[in-house]
Amino acid sequence: TECVSGCVCPEGLFDDGRGGCVEHKDCPCIHNNEWYSSGDKIKVDCNTCTCQKGIWKCTDDVCYGTCMIYGSGHYNTFDGKFYDFDGSCEYVATQDFCGDKNSSGSFSIITENVPCGTTGVTCSKAIKMFLGKTELKLENKEYKEIQRDVGDDVQYWNRTVGLYLVIEASNGLMLIWDKKTSIFIKLSPNYKGKVCGLCGNFDDKANNDFTTRSGLQDSNALNFGNSWKQSPMCPDVTEEIKPCDLKPHRKSWAERECSIIQSEVFKICHSKVDPLPYYEACVHDACSCDSGGDCECFCSAVAAYAQECLKAEACVFWRTPDIC
């Protein structure tokens, strides 16, 4: 074809994507739309990745899994599947009593959901944690211990870190609670593929997380969530609630407040953790908490995004005297 004007790199050099030419050994790498020079290191979960000749080389340590339940029925499973489920009942968040009836598990975590606001969405109000023969109940900003007759002895420790109560057990389970509506459950890698419940099965695959109590895979969050209720007396959830449609006068306030997640304040995190699901969850919560506690709902939603940013090594100072 005819000559086309433009720039090319000299023989033996490569376009570095930033308007320059480099040798092959100096090729940059890209991660979440950001460029990194050769030799740069980034943290991905508990592994370190180094940029070498345009390719990421990562360590392959096995990481703890984290499941997050927060605000008005938002779930982020151990394998990173994000979904909403608004059920008013007690549900199995995660347990290692899966599969056959005789399997002996060492723990189970139950979340009790209650309506928050008048639209019908639910928030986690109390958490029950069964560790061998110990039952811990977390409610009203404190926890109490109940001893049962069955089960093994599983040791645990508790401590307060900032806003959070942390309970850590000797079997590789950790629960972090903000004493309100957010719960983070951390599991050691030995539980991979051995747990079940609303937090999924922790097998590094997000597409099979909707495994119901009977072991079938479902694509519908409502069927999946309903299967994990503790009491057959609770009604099933039949439709997804859209609080902003029910309370349109709250929508613009919710969108304005929640825009902080997509603003400059969190800019350093946007390339590391997609803000969109957290923004949508925030708007949902800010519309739904209409009987007091609306600021608490908003703050929990922003804190959930900030927590994910922190995991991705993007530290954001977002709380101010005006905001939360």
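- Labelled according to an unreviewed UniProt entry, the protein appears under the name MUC2 protein, originating from Chloropsis hardwickii.

### Let's talk about helix α3 (residues 248-258)
Part 1 of the argument: Taken residue by residue, α3 has R250, A254 and C258 as its buried positions. The arc enclosing the buried residues of α3, seen along the axis, measures out at 60°, which places them on a common side. In α3, the exposed positions angled more than 90 degrees off the buried face are occupied by P248, H249 and R256.
Part 2 of the argument: In the core, the buried residues of α3 are packed alongside α5 (276-288) and α6 (294-311).

### A word on α5
Part 1 of the argument: With 13 residues, α5 should reach 18 Å at 1.5 Å per residue; the first-to-last C-alpha distance of 18 Å fits that figure.
Part 2 of the argument: Across the 13 residues that make up α5, a large majority, ten, are buried.
Part 3 of the argument: Within α5 the residues assigned to the buried category are Y278, Y279, A281, C282, V283, H284, D285, A286, C287 and S288.

### Some thoughts on the domain arrangement of the protein
Part 1 of the argument: When its domains are assigned, the protein resolves into domain 1 (13-58), domain 2 (65-227) and domain 3 (243-312).
Part 2 of the argument: The C-alpha-based centres of domain 1 and domain 3 are spaced at 32 Å.

### Structural notes on the side chain of T66
Part 1 of the argument: Among the secondary structure elements, T66 is positioned in strand β8 (residues 65-70).
Part 2 of the argument: By relative accessible area, which is 14% here, T66 ends up buried.
Part 3 of the argument: At 3.0 Å, the side chain of T66 and the side chain of K186 are in polar contact.
Part 4 of the argument: Those residues in contact with T66 that sit more than four places away from it in its chain are N76, T77, F78, F184, I185, K186 and K311.

### Some thoughts on the packing of α3 against α5
How two helices pack is summed up by the angle between their axes together with the distance between the axes.
Part 1 of the argument: Direction vectors running N to C along α3 and α5 enclose 140°, while the axes themselves pass 8 Å from each other. Compared by their axis directions, α3 and α5 come out oblique. As α3 runs across α5, the sense of the crossing is right-handed. From α3, R250, K251, W253, A254, E255 and C258 reach across to α5, where they touch Y279, C282, V283, A286 and C287.
Part 2 of the argument: Of the residues that constitute the contact of α3 with α5, the class distribution is eight nonpolar, no polar and three charged.

### Structural notes on the state of the cysteines
Part 1 of the argument: Per the counting criterion, the structure on display carries twelve disulfides.
Part 2 of the argument: With a sulfur-sulfur separation of 2.0 Å, C49 is cross-linked through a disulfide to C58. Residues C49 and C58 are joined through a disulfide that is right-handed, its torsion about the S-S bond being 110°.
Part 3 of the argument: Looking at C49, the relative accessible area reads 4%, which means it is buried.
Part 4 of the argument: A residue is classified by how much of its surface remains accessible, and C58, at 44% relative accessible area, is partly exposed.
Part 5 of the argument: Sulfur-sulfur distance for the disulfide between C67 and C199 comes to 2.0 Å. As the torsion about the S-S bond is roughly -70°, the C67-C199 disulfide counts as left-handed.

Rules behind the numbers
Residues numbered from 1 in each chain as written. Predicted model: local features only at pLDDT ≥ 70, side-chain atom pairs only at ≥ 80, totals over all residues. Heavy atoms only, no water. Buried < 20%, exposed > 50% of the residue type's maximum accessible area, 1.4 Å probe, protein only. Helix = DSSP H or I, 4+ residues; strand = E, 2+ residues; numbered from the N terminus. Arc of directions from axis to C-beta. Contact = heavy atoms within 4.5 Å. Expected span 1.5 Å × (residues − 1). Domains from an automatic or database assignment. Polar contact = N/O pair within 3.5 Å; in protein donor to acceptor, adjacent residues only side chain to side chain. Axes fitted to C-alpha atoms, helices over the stretch in contact; angles between N-to-C directions. Parallel < 35°, antiparallel > 145°, perpendicular 65-115°, else oblique. Left-handed = near helix turned anticlockwise from the far one by under 90°. Nonpolar A, V, L, I, M, F, W, Y, C, P; charged D, E, K, R; others polar. Disulfide = S-S within 2.5 Å.

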